[in-house]
Amino acid sequence: MKILAIETSCDETAAAVVENGRHVLSNIIYSQRIHSKFGGIVPELASRAHLEKINIVVEYALKKARTSISRIDAVAFTSSPGLIGSLLVGQITAEAIAYIFNKRLIGVNHLEGHIFSPLIEHKKLKPPFLSLTVSGGHTDLVIVKDFGLYEILGRTRDDAAGEAFDKVAKLLNLKYPGGPSVEKFARKGNPEAIKFSRPYMFETWDFSFSGIKTAVLYYLQKRFKQFPLSHKTTIPVRLTCDICASFQDAVTDTLVEKTFRAAKEYGIKKISVGGGVASNGLLKKKFYARGLRENISVYVPSPAYCTDNAAMMGCAAYYRLKYGMPSDNNNAVSSDSTLVSWMDKK
Ligand code: KG4
Ligand code: ZN
C-alpha cells in the first residue's frame with residue numbers, strides 16, 4: 001500500500017511517499033526560514049509559507065518516489081495537534097487530491113507520527129514498547145500497548161523539553177531553533193560548571209521544564225548587573241558554552257531517568273524516543289548507554305525522522321488503514337493535543 005502523506009502542523013512543509021508503513025520512497029521537507037529573524041514561529045507567516053510551498057513539495061515527493069498520484073492508494077495528512085492555519089493548508093491539499101483522484105483520505109494525529117517514527121528504520125520494532133516524545137510542543141511518556149492502543153503515563157505540566165531548549169537559547173541570544181544551537185555550544189562547555197537541579201518529580205510521571213529555564217534566567221541575572229544585557233554587552237562565549245552544557249546535562253538526565261524508571265516499574269523491555277529533541281546527541285548517548293546497562297533495547301530514529309517530517313505520518317496512517325480504523329478527529333483539524341486510542345483493548 002502506497003500512501004502520500006502531508007505534514008504541515010508547524011513550520012515544516014513536508015510530503016512523503018511511504019510503502020507498507022515502513023518503506024520510505026521519498027521524504028521531502030521544506031523548513032521555513034522566515035521565523036528565525038523573529039526568534040520563534042509566527043503562525044500567520046507559517047500558514048502563508050505552507051501555502052506557497054505545499055504544491056511543489058507534494059510534486060517533488062511524488063517525483064522522488066518515482067510514482068504518480070494514480071498509483072497512490074491513500075492520502076494522509078496531519079489533522080491534530082498543531083497551528084490551525086498551518087494544519088488547514090495540509091488538510092485542504094490532501095482533501096483536494098483525494099477528491100479529484102478518488103483516493104482514501106486519512107487524518108492522522110501528529111503525536112502518533114512521532115510515536116511510530118522509530119518503526120521506519122527499526123523494521124522489527126513493534127508494540128508493546130514505552131515511547132518518549134520530546135519535541136517543541138510535547139514531552140509525552142506513553143505505553144504503546146499495541147498499534148492504536150495507548151496509555152499516557154505523563155506529559156509536561158508547563159514547557160515541553162524542546163520549548164525549554166528554545167527559551168534558553170533565546171536568553172543566551174542564540175539562533176532559532178534553539179535546540180541545535182544549545183547542543184552546538186554545549187559541545188565546548190563543561191556540563192559540571194553550573195549545577196542546575198534536575199526536575200525529577202518522582203511522585204508523578206509528568207514532566208516540568210519551566211523551572212530549569214527560570215534557573216538559567218536567575219543565574220544570568222545574578223552574573224550580570226543588568227539582564228537582559230544592553231546592546232554593548234555580550235555573554236562571553238566560554239560562559240555560553242558552560243550554561244548550554246550544564247542545562248543540556250540536566251534536561252537529558254531528567255528525561256533518561258524518568259523514562260527508565262517507568263520502563264522498570266511497568267516491566268517494559270523496549271524504549272523508543274522520538275521528536276525533535278531526540279536528535280540531540282547527548283540524549284541519544286545517555287539513552288543507549290543506560291539501555292545497555294539495564295538490558296533494555298532503545299530505538300531512536302535518525303535526525304531526519306526525529307524533527308517534523310511526513311514519512312512518520314505515512315507510517316502512522318498505514319497502521320490505521322491496516323486495522324480499518326477511522327481518521328483522527330474525523331478528518332477535521334484541531335489544536336487539541338489529546339492522544340486517543342483507536343484500537344479496542346484485548
Ligand atoms: O518534533 P519537532 O520538529 O517539532 C514539534 O513537533 O515541536 O521538534 C522541534 C523542537 C524544537 O524545540 C527544537 O529546538 C528541538 O526540537 N530540537 C532540539 C534539537 N534539534 C531540534 N533540541 C535539542 N537538541 C537538538 N539537537
Ligand atoms: Zn512534531
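All of the points below concern the structure found in this document. (Residues numbered from 1 in each chain as written. Chains lettered and ligands numbered in written order. Predicted model: local features only at pLDDT ≥ 70, side-chain atom pairs only at ≥ 80, totals over all residues. Heavy atoms only, no water.)

### Looking at the sheet that holds strand β9 (residues 270-274)
Phase 1 of the analysis: The strand order across the open sheet formed by five strands is β8-β7-β6-β9-β10, and the pairing between neighbours is mixed. Sheet topology places β8 (149-154) and β10 (297-299) at the edges, where each strand pairs with a single neighbour. Across this sheet, the average inter-strand angle for adjacent strands is 25°, counted without regard to direction.
Phase 2 of the analysis: Here strand β7 (residues 139-146) runs beside β8; their pairing, made up of five bridges, is antiparallel. Its bridge partner being in β8, I143 is matched across the sheet by E151.
Phase 3 of the analysis: Packed on one face of the sheet, helix α3 (residues 110-121) meets β6 (129-134), β7, β8, β9 and β10 and runs near 120° to β6. (Pairing = 2+ DSSP bridges. Helix = DSSP H or I, 4+ residues; strand = E, 2+ residues; numbered from the N terminus. Axes fitted to C-alpha atoms, helices over the stretch in contact; angles between N-to-C directions. Contact = heavy atoms within 4.5 Å.)

### Regarding the packing of aromatic side chains
Phase 1 of the analysis: Under the criterion given, the structure shown has 13 aromatic pairs.
Phase 2 of the analysis: Judged by centre distance (5.9 Å) and plane angle (25°), the rings of F147 and Y323 are stacked. Within this pair, whereas F147 is found in the loop between β7 and β8, its partner Y323 is found in the segment after α10 (311-322), the two being separated by 176 residues in sequence.
Phase 3 of the analysis: Arranged with centres 6.5 Å apart and planes meeting at 35°, the rings of Y323 and W342 form a pair that is tilted. Here Y323 is found in the segment after α10, whereas its partner W342 is found in the segment after α10, with 19 residues between them in sequence.
Phase 4 of the analysis: The ring centre of Y30 lies 5.1 Å from the NZ or CZ of K53, which sits over that ring.
Phase 5 of the analysis: Lying across the ring of F202, R261 places its NZ or CZ 3.6 Å from the centre. (Phe/Tyr/Trp six-rings, centres within 6.5 Å; stacked < 30°, edge-to-face > 60°. Lys NZ or Arg CZ within 6 Å of the ring centre and 35° of its normal.)

### Description of the pattern of salt bridges
Phase 1 of the analysis: The full count for this structure, using the stated rule, is 15 salt bridges.
Phase 2 of the analysis: The salt bridge involving K167 is made with E163; its shortest N-O contact spans 3.2 Å. Note that K167 and E163 are positioned in helix α4 (residues 161-171) at a spacing of four residues, about one turn of the helix.
Phase 3 of the analysis: K167 sits in the partly exposed class, given a relative accessible area of 31%.
Phase 4 of the analysis: E163 gets classed as partly exposed once you look at its relative accessible area, which sits at 25%.
Phase 5 of the analysis: Its salt-bridge partner being D253, residue K286 comes within 2.8 Å of it at the nearest N-O pair. (Salt bridge = Lys/Arg side-chain N within 4 Å of Asp/Glu carboxyl O. Buried < 20%, exposed > 50% of the residue type's maximum accessible area, 1.4 Å probe, protein only.)

### Considering α10
Phase 1 of the analysis: Taking 1.5 Å per residue as the helical rise, α10 with its 12 residues ought to reach 16 Å, and the 16 Å between its terminal C-alpha atoms agrees with that figure.
Phase 2 of the analysis: Within α10, 11 of the 12 residues are buried, which leaves the element mostly enclosed by the surrounding structure. (Expected span 1.5 Å × (residues − 1).)

### Quick word on the coordination of the zinc ion (ligand 2)
Phase 1 of the analysis: Taken together, H110 (NE2), H114 (NE2) and D308 (OD) make up the protein donors of the zinc ion (ligand 2), found 2.0 to 2.1 Å from the metal.
Phase 2 of the analysis: Considering all four donor atoms around the zinc ion (ligand 2), the spread of angles at the metal, 96 to 134°, places the coordination shape in the tetrahedral class.
Phase 3 of the analysis: Read N to C, the donor residues that coordinate the zinc ion (ligand 2) are spaced as H-x3-H-x193-D. Within this pair, H110 and its partner H114 are both found in helix α3, separated by four residues, close to a single helical turn.
Phase 4 of the analysis: Classification of H114 by relative accessible area gives buried; the value is 2%. (Donors = N, O, S within 2.8 Å, 3.2 Å for Na, K, Ca; no water. Tetrahedral: all angles 85-135°; square planar, octahedral: opposite > 155°, others 65-115°.)

### Topic: the sheet that holds strand β3 (residues 23-31)
Phase 1 of the analysis: One open sheet accounts for five strands, arranged β3-β2-β1-β4-β5; its pairing is mixed. A single partner strand is all that each edge strand has here, and the edge strands are β3 and β5 (104-109). Each strand axis lies, on average, 20° off the axis of its neighbour in the sheet, ignoring direction.
Phase 2 of the analysis: Its contacts with the sheet place α10 against β1 (2-7), β2 (12-19), β3, β4 (74-80) and β5, and it is angled at close to 110° to β5.

### Structural notes on a nonpolar patch on the surface
Phase 1 of the analysis: On the surface, Y99, I100 and F101 cluster together to form a nonpolar patch covering roughly 410 Å² of accessible area.
Phase 2 of the analysis: Turning to its location among the elements, F101 is positioned in helix α2 (residues 84-101).
Phase 3 of the analysis: On the basis of relative accessibility, which here comes to 40%, the residue F101 falls in the partly exposed class. (Patch = residues over 30% accessible without salt bridge, like charges linked within 9 Å, V, L, I, M, F, W, Y side chains within 5 Å. Areas by Shrake-Rupley, 256 points an atom, 1.4 Å probe, with all protein chains shown as cover.)

### Things to note about the site of ligand 1
Phase 1 of the analysis: Taken together, 20 residues surround ligand 1, and among them G136, D166, G179, E183 and G276 come closest.
Phase 2 of the analysis: Take H110: an N or O atom from its side chain is 3.3 Å from an oxygen atom of ligand 1.
Phase 3 of the analysis: Here S279 contributes a side-chain N or O atom positioned 3.3 Å from a nitrogen atom of ligand 1.
Phase 4 of the analysis: Protein contacts shield 90% of the accessible area of ligand 1, which totals 550 Å² for the unbound molecule.
Phase 5 of the analysis: Of all the secondary structure elements, the ones that give two or more residues to the shell around ligand 1 are α3, α4 and α5 (178-186).
Phase 6 of the analysis: The element best represented in the shell around ligand 1 is α5, accounting for four residues.
Phase 7 of the analysis: Here the shell around ligand 1 is composed, by residue class, of four nonpolar, 13 polar and three charged. (Near = heavy atom within 4 Å. Polar contact = N/O pair within 3.5 Å; in protein donor to acceptor, adjacent residues only side chain to side chain. Nonpolar A, V, L, I, M, F, W, Y, C, P; charged D, E, K, R; others polar.)

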